[in-house]
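So you can see what is in the structure, the chains are spelled out below.
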Amino acid sequence: MNKHDDVVNAAKRAKPLPEFNIGDNVDVQVLIREGDKERIQIFNGTVIARRGKVGPSATFTVRRIVQGEGVERIFPINSPKIVGLAVKTRASVRRAKLYYLRGLTGKAAKLKEIIG
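Let me sum up the structure you'll find in this document. Model, not experiment: these values are computed from the prediction.

## Brief notes about the overall build of the protein chain
The helix and strand inventory of the protein chain stands at one helix and seven strands. Counted from the first residue to the last, the protein chain has its helices and strands arranged as α-β-β-β-β-β-β-β. Nonlocal contacts in the protein chain, meaning residues at least 24 apart in sequence, comprise 51% of its contacts between residues at least 6 apart. Of the accessible surface of the protein chain, which amounts to about 8100 Å², a share of 51% is contributed by carbon and sulfur atoms.

Quick look at the structure:
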């Protein structure tokens, strides 16, 4: 077995994530291992990019602001370390990638929320 087989097997083990799109505000529950202990850490932010729909190389990028600094994390969709994903709010966007949010702060970075 090579590294690619491990990723494909992990994809089969992982439960499917709920539907989410670019611009959605999400909570990603990530399994963190520290020494011999495991805990779940929640990373919340806006989905600014998505690469691939399915397959072992599909990823999504989540961005949030922490103490005035932008923090981005790229998550493999089929990673067994992702315990869960919850969509908090949905936004209406007209771009496939929201990289322009990197240069905006405060109200300028606010997206148009979809109600209902």
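## Let's talk about the layout of surface pockets
The method is simple in principle: a probe with the dimensions of a water molecule rolls over the atoms, and the space it marks as empty is what remains. Considered as a void within the structure, the largest pocket measures approximately 420 Å³ in volume. Along the wall of the largest pocket there are 21 residues; nearest its centre are N25, T46, A109, K110 and L111. For the lining of the largest pocket, the secondary-structure elements that each account for two or more residues are β2 (37–51) and β3 (59–66). Broken down by element, the lining of the largest pocket gets its largest block of residues, four residues, from β2. Considered class by class, the residues forming the lining of the largest pocket number seven nonpolar, eight polar and six charged.

About the criteria used
- Residues numbered from 1 in each chain as written.
- Predicted model: local features only at pLDDT ≥ 70, side-chain atom pairs only at ≥ 80, totals over all residues.
- Heavy atoms only, no water.
- Helix = DSSP H or I, 4+ residues; strand = E, 2+ residues; numbered from the N terminus.
- Contact = heavy atoms within 4.5 Å.
- Areas by Shrake-Rupley, 256 points an atom, 1.4 Å probe, with all protein chains shown as cover.
- 1 Å grid on protein atoms, 1.4 Å probe; cavity = no way out; pocket = protein on both sides within 12 Å on 5 of 7 lines; lining within 4 Å.
- Points joined across faces, edges and corners; volume = space filled by probe spheres on them.
- Nonpolar A, V, L, I, M, F, W, Y, C, P; charged D, E, K, R; others polar.

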